[in-house]
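# A closer look at the structure
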Amino acid sequence: MREIAYWQAINEALAEEMTKDPSVFIMGEDVAIYGGAYAVTRGLHAKFGDERVRDTAISEAAIVGAGLGAAITGMRPVVEIMYVDFMGIAMDQLNNQIAKIRYMFGGKTKVPLVIRTEGGAGRTLGAHHSQSLEAWFTHIPGIKVVMPSTPYDAKGLLKAAIREDNPIVYIEHKMLYNTKGPVPETEYVLPIGKADVKKQGKDITLVSWSLTLLHCLKAAEELEKEGISVEVIDLRTLAPLDIDTIVGSVQKTHRLVIAHEAWKTGGFAGEIAAQVMEKAFDHLDAPVSRVCGADVPMPKAPNLERLAIPNKETIKKAVKELLA
Amino acid sequence: MSTSIDKGTAIFYLQKMMEIRQFEDKIMDLLAQNIAEGGSHLYAGEEAVAVGAMAALRPDDFITSTHRGHGHAIAKGGKLNELMAEILGKATGCCKGKGGSLHLADVSTGNLGANGIVGGGLAMAAGAGLSIKLRKTEQVTLCFIGDGATNQGVFHESLNMVGTWRLPVIYIVENNLYGMSVSVKRASAVTDLAKKAVPYNMPAVTVSGQDVLAVKDAVEAYVKNARAGKGPAMVVCDTYRYYGHSRSDPRVYRTKEEEKYWAEQDPIKLFSAKCVKEGLLSQKDVEELDKFVENEIEEATKFAIESPLPGDAELYTDLFA
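Residues numbered from 1 in each chain as written. Chains lettered and ligands numbered in written order. Predicted model: local features only at pLDDT ≥ 70, side-chain atom pairs only at ≥ 80, totals over all residues. Heavy atoms only, no water.

### Looking at the overall build of chain B
Of regular secondary structure, chain B possesses 11 helices and 7 strands. Taking 20 Å as the expected radius of gyration for a compact globule of 321 residues, we find that chain B reaches 19 Å, a close match to that expectation. Here chain B, with 321 residues, has 57% of them falling under the buried criterion. For chain B, restricting intrachain contacts to residue pairs at least 6 apart in sequence, the fraction spanning at least 24 positions comes to 75%. Looking at chain B as shown, the accessible area adds up to about 12,800 Å², and 54% of this sits on carbon and sulfur atoms. (Helix = DSSP H or I, 4+ residues; strand = E, 2+ residues; numbered from the N terminus. Rg over C-alpha atoms; globule rule 2.2 N^0.38 Å. Buried < 20%, exposed > 50% of the residue type's maximum accessible area, 1.4 Å probe, protein only. Contact = heavy atoms within 4.5 Å. Areas by Shrake-Rupley, 256 points an atom, 1.4 Å probe, with all protein chains shown as cover.)

Now the structure itself:
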């Protein structure tokens, strides 16, 4: 199978869905002529023109809120927020309008809206361009949260997201854009809300998503050589959470480590741990362990940035401690 | 009369204004009796704005409403029974009892909803305007906002987007002089709110919000332009709410003299007097209409009170499509 980069997989999903459905359009900061800050929309403006690939002003509230207005009046917008860090400006639109409008209206409207954004550390960009804020979004009922780790998942899940009649926050990771992986040339769509067991194992379950998932796979590979069999689950979608896949794995391995780049306090690992205790407490042979981001604003210095997020070694250490 | 209208039209405008007034008076009454619970921001006094503006629309045009949205919902064609039931949180309400006063919406009439957030409809209206442009229809979107919303950040982001892209959005600014208790003078760097359209390259006009025909004429002219692809505009309507911001408001920030002044500019009295003076309606026509509306409101109230609350199973429905 051919291998393409993560950014390219997303680009293909956008192009295919725009070709298929004239109600799909893109807007955001620098998405048209420039092709996106991380070049994800490159070529789309030339292909689809000014009306369907729209550069906006630097106005996150208007971008996200106008996405809602267009979505409830017959369009299927894909709006881009350049960095997830900028979602703060648009949070009223997301929390008070987008997530609630269908419920508040007694189900009498649909919101086919995708908010594409990107997050994560790794480029020493400091505190305003490196965050992992998914827990903000998973806390809000009424939106779905998708965070793919591979080009294959990125393409299939974005296509599904664009076809959904519900609002979706789709978060890419800046350090994944140039990672490559197999992506079929034939069309496919992946289900939202379904985790993927990326590696089978029997001694311990490792749950993660986005970039940290790749660290988990490398850690699992090395641990395998030391005789520890790790099952690695890629959540892919955080909301709705595929808790059944996690519980099924824990019933087999009896041990659970959750790894994510976001802050530990109030992070999504806490939610997973609580649900596993509610549903599979008797199957646990050890406390659930979390490997998470340090509870500090992301520092600039590269050594401090590295210390602030999980990596292969810290994940391996957590696994070994749990098995000790 | 600023425009010539026929008797049927006069009756229609008067009826809609009376419906709003009596609807709001009834809710105040229900709140006092604790039959209606929670908050309600009442539109009494501002009827000519909603009715005049909506008179310029087609049924398939969109509106976004405000923090004070009952009048817009009625004027846009919402059913009184369903609106009253919604305010009481009943299963028969237009939002199945899940929205309430601050979230009155009826998408089937093009009403994209009142909003619990001041200025919450602004970005949505820009998106509805963009959707019209992309779908190449001749619809328009009326974005109702109060004077208070013109100070929100999203007001400026949204008007900039609409102005830049020349979207078919008309802003109807209901300047009732106070954002809750704080007067326009104390909250806004400019008190002539029409000036706030200028930086976004859209024309604006200020009219009496007590004069239903003046509102209609101003909105109609801009709507015609917007349908022809000539872009957005703003109509500032000077008006006044009779009740306080909400039921708990003792109105200490305004004077009795001011309230009396505005009571003399009552939009329903002004319009019915005009119609009678010009021979379009008789005093008897007006009285009969008032009685007719009273019956409508009584029926809506009875319907709402007798309707059931939503079933417990409704708690988790309607979250996702």
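### A few points about the interface of chain B and chain A
It is common to give the size of an interface as the accessible area lost on bringing the parts into contact. Contacts between the two partners involve 38 residues from chain B, matched on the other side by 42 residues from chain A. Of all residues in chain B, the largest losses of buried area upon contact with chain A belong to B:L134, B:E157 and B:F320, amounting jointly to 19% of the total for that side. The interface formed by chain B and chain A holds 1 salt bridge in total. Between A:E51 and B:K133 there is a salt bridge; the shortest N-O distance is 3.0 Å. At the junction of chain B and chain A, the tally comes to 15 residue pairs in polar contact (both at pLDDT 80 or more). Here the element with the most residues in the side of chain B that touches chain A is helix α5 (residues 122-135) of chain B; it accounts for 10 residues. (Buried area = accessible area lost by both parts, 1.4 Å probe. Salt bridge = Lys/Arg side-chain N within 4 Å of Asp/Glu carboxyl O. Polar contact = N/O pair within 3.5 Å; in protein donor to acceptor, adjacent residues only side chain to side chain.)

### What about the packing of helix α4 (residues 80-87) of chain B against helix α11 (residues 283-306) of chain B?
All names here are of chain B. One can describe the packing of α4 onto α11 by two numbers: an axis separation of 8 Å at closest approach and a directional angle of 45 degrees. With respect to their mutual orientation, α4 and α11 come out oblique. As for how α4 packs across α11, the hand of that crossing is right-handed. Judged by residue contacts, L80, N81, E82, M84 and A85 of α4 engage E296, I297, E299, A300, T301, F303 and A304 from α11. Looking at the contact of α4 with α11, its residues break down into 7 nonpolar, 2 polar and 3 charged. (Axes fitted to C-alpha atoms, helices over the stretch in contact; angles between N-to-C directions. Parallel < 35°, antiparallel > 145°, perpendicular 65-115°, else oblique. Left-handed = near helix turned anticlockwise from the far one by under 90°. Nonpolar A, V, L, I, M, F, W, Y, C, P; charged D, E, K, R; others polar.)

### A few points about the side chain of B:K196
Residues and elements named next belong to chain B. Here K196 is to be found in the loop between α7 (184-187) and β6 (204-208). For the buried K196, no salt bridge exists, and the shortest N-O distance to an oppositely charged side chain is 8.5 Å, to D147. Of the polar contacts made by the side chain of K196, one reaches the side chain of N151; its length is 2.7 Å. In this structure K196 touches T150, N151, F155, L159, S188, V190 and M234, once residues within four positions along its chain are discounted. (Lys, Arg positive; Asp, Glu negative; His and termini not counted.)

### Focus on the domain arrangement of chain A
Residue and element names in this part refer to chain A. In terms of domains, chain A is made up of domain 1 (3-182) and domain 2 (196-323). On a C-alpha basis, the centroid separation for the pair domain 1 and domain 2 is 26 Å. Taken residue by residue, the interface counts 29 residues in domain 1 and 24 residues in domain 2. Roughly 2,100 Å² is buried in total at the junction of domain 1 and domain 2, and carbon and sulfur atoms are behind 61% of that figure. Summed over the three residues of domain 1 that lose the most area to domain 2, namely T124, M147 and S149, the buried surface amounts to 24% of that side. Linking domain 1 with domain 2 are 2 salt bridges, by the criterion used here. (Domains from an automatic or database assignment.)

### Notes on the pattern of salt bridges
A side chain with one charge may pair with a side chain of the opposite charge, provided their charged atoms come close. Residues and elements named next belong to chain A. By the definition in use, this model includes 51 salt bridges over all chains. A salt bridge links E16 to K155, with the shortest nitrogen-to-oxygen separation between them at 2.6 Å. In this pair, E16 is assigned in helix α1 (residues 6-20) and K155 in helix α7 (residues 151-163), connecting sequence segments 139 residues apart. Classification of K155 as buried rests on a relative accessible area of 1%. A salt bridge links R116 to E80, with the shortest nitrogen-to-oxygen separation between them at 2.7 Å. With a gap of 36 residues between them, R116 in strand β5 (residues 114-119) and E80 in strand β4 (residues 76-81) connect regions that are remote in the sequence.

### What about helix α10 (residues 268-280) of chain A?
All names here are of chain A. Here α10 spans 18 Å end to end across 13 residues, near enough to the 18 Å set by a 1.5 Å rise per residue. The set of residues buried in α10 consists of F268, A269, I272, A273, Q275, V276 and A280. Each buried residue of α10 sits inside an arc of 165 degrees when the element is viewed along its axis, so together they form one side. Buried residues along α10 sit in contact with α6 (134-138), β10 (204-208), β12 (237-239), α9 (243-253), β13 (256-263) and β14 (289-293). (Expected span 1.5 Å × (residues − 1). Arc of directions from axis to C-beta.)

### As for the packing of aromatic side chains
Scanning the entire structure with this criterion turns up 12 aromatic pairs over all chains. Ring geometry for A:Y38 against A:Y177: centres 5.2 Å apart, planes inclined by 25 degrees, an arrangement best described as stacked. Linking A:Y38 in the loop between β2 (24-28) and α2 (44-52) with A:Y177 in the loop between β7 (168-173) and β8 (180-182), this pair joins segments that are 139 residues apart in sequence. Per residue, the accessibility class of A:Y38 equals that of A:Y177, and both read buried. The interplanar angle of 45 degrees and the centroid separation of 6.4 Å between the aromatic rings of B:Y13 and B:F271 together place this pair among those described as tilted. (Phe/Tyr/Trp six-rings, centres within 6.5 Å; stacked < 30°, edge-to-face > 60°.)

### Regarding the environment of A:T150
Residues and elements named next belong to chain A. Assignment of secondary structure puts T150 in the loop between β6 (144-146) and α7. Among the residues examined, T150 registers a relative accessible area of 17% and is labelled buried. Separated by 26 residues in sequence, T150 and T124 have C-alpha atoms that sit 23 Å apart. Beyond its immediate stretch of four places on either side in the chain, T150 contacts Y6 and K198.

### Looking at α1(A)
Because an α-helix completes one turn every 3.6 residues, residues spaced three or four positions apart along the sequence face the same direction. Residue and element names in this part refer to chain A. With 15 residues, α1 ought to run about 21 Å at 1.5 Å a step, and its terminal C-alpha atoms sit 21 Å apart, in line with that. The element α1 is extensively covered by neighbouring structure, given that 11 of its 15 residues are classed as buried. Looking at α1, one finds that the buried residues are Y6, W7, A9, I10, N11, E12, A13, L14, A15, E17 and M18.

### Quick notes on the pairing of strand β7 (residues 233-238) of chain B
Residues and elements named next belong to chain B. With 5 of 6 residues buried, β7 is to be regarded as a mostly interior element. Across 6 bridges, the pairing between strand β3 (residues 169-175) and β7 is parallel. Each bridged residue has a counterpart across the sheet, and for V173 the counterpart in β7 is V236. By the bridge criterion, 5 bridges tie β6 to β7 in an arrangement that is parallel. Note that in β7 the partner of S208 across the bridge is D238. Once you follow β6 into helix α8 (residues 212-227) and on to β7, the crossover reads as right-handed. (Pairing = 2+ DSSP bridges. Right-handed = clockwise from strand over helix to strand, strands pointing away.)

### Looking at the packing of α5(B) against helix α6 (residues 153-165) of chain B
Two numbers describe a pair of packed helices, the interaxial angle and the distance between the axes. Residue and element names in this part refer to chain B. Put simply, α5 and α6 touch, their axes get as near as 8 Å, and they point 15 degrees apart. On the basis of the axis angle, α5 is roughly parallel to α6. The crossing of α5 and α6 is left-handed. For the pair α5 and α6, contact is made by L122, A123, A126, L130 and K133 and by V154, F155, S158, L159, M161, V162 and W165, respectively.

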